[in-house]
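Spelled out from the first residue to the last, the chains are:
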Amino acid sequence: MRITYRQKGHKEYWEDRWSKLNADEPMSNPSSYPLSYALLASENSKGQILEAGCGGGRLLRYFHAAGNRVVGFDYIHSIVAKLKQCDTSLQVHTADVTRLPYRTGSFGTVLAFGLLHNLPLESAQAGLQEMSRVLVTGGKICVSYRADNLQNWINDFITGPTGSGWLSHIVANMRVSGSEFHKMNLRIDELQELIKGVGLQIEN
């Protein structure tokens, strides 16, 4: 396990990032990431689709436009407000994945791309447990995760915790005062352990 740190607090970082961006257009290429995986996971879905951490809404808007029953949520209210503004018919909410406001067994598929690695381990466990709770029996959860590998290590080293390069990265790794959690990178065995630890089975 390798943790990346930044100088901004986690929520402050994402509030700042989403405040500068508009809502996404719906995805259009079914063979591209993450839509290809979302389509595979939701094939023959037994109920509604939930997108956890929907961000700018590129997946949410795709499934909505295709006529699927889909609900999205994000932790950052500003991007949720932008999504509602661009399409008032979207079902999208501000929510915390560790305390979901949905009934048990409400969804046939839960999609979570680029979400769990933004949480400390205990919160990621709680998030997976909540996603499992709102899933119908036999439903599927599809998640993506930042791997603890050379590619991501180089990326973090170059960008650094404040985007200013290798020196700030070294400072962050020294855990100086003011360094804040940004994301958690797991090896594949650690990710498997996290998933199985909350009682989920891995399909692939």
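Residues numbered from 1 in each chain as written. Predicted model: local features only at pLDDT ≥ 70, side-chain atom pairs only at ≥ 80, totals over all residues. Heavy atoms only, no water.

A. Quick peek at the pairing of strand E6 (residues 135-143). Here strand E5 (residues 107-112) pairs with E6 via 5 bridges, running parallel. Paired with valine 110 across the strands is isoleucine 141, a residue of E6. As a crossover connection, the stretch from E5 through helix H5 (residues 121-133) into E6 is right-handed. (Pairing = 2+ DSSP bridges. Helix = DSSP H or I, 4+ residues; strand = E, 2+ residues; numbered from the N terminus. Right-handed = clockwise from strand over helix to strand, strands pointing away.)

B. Local environment of the pairing of strand E7 (residues 180-185). The buried fraction of E7 is high, at 5 of 6 residues. Bridge analysis of strand E1 (residues 2-6) against E7 gives 5 bridges, and the strand direction is antiparallel. Residue pairing across strands places threonine 4 opposite lysine 183, the latter belonging to E7. (Buried < 20%, exposed > 50% of the residue type's maximum accessible area, 1.4 Å probe, protein only.)

C. Highlighting the pattern of salt bridges. What the rule picks out here adds up to 8 salt bridges. As a salt-bridge pair, arginine 99 and aspartate 96 come within 3.2 Å of each other at their nearest N and O atoms. When its relative accessible area of 61% is taken as the criterion, arginine 99 is described as exposed. Connected through salt bridges with shared partners, the residues Lys8, Asp16 and Lys20 form a single ionic network. (Salt bridge = Lys/Arg side-chain N within 4 Å of Asp/Glu carboxyl O.)

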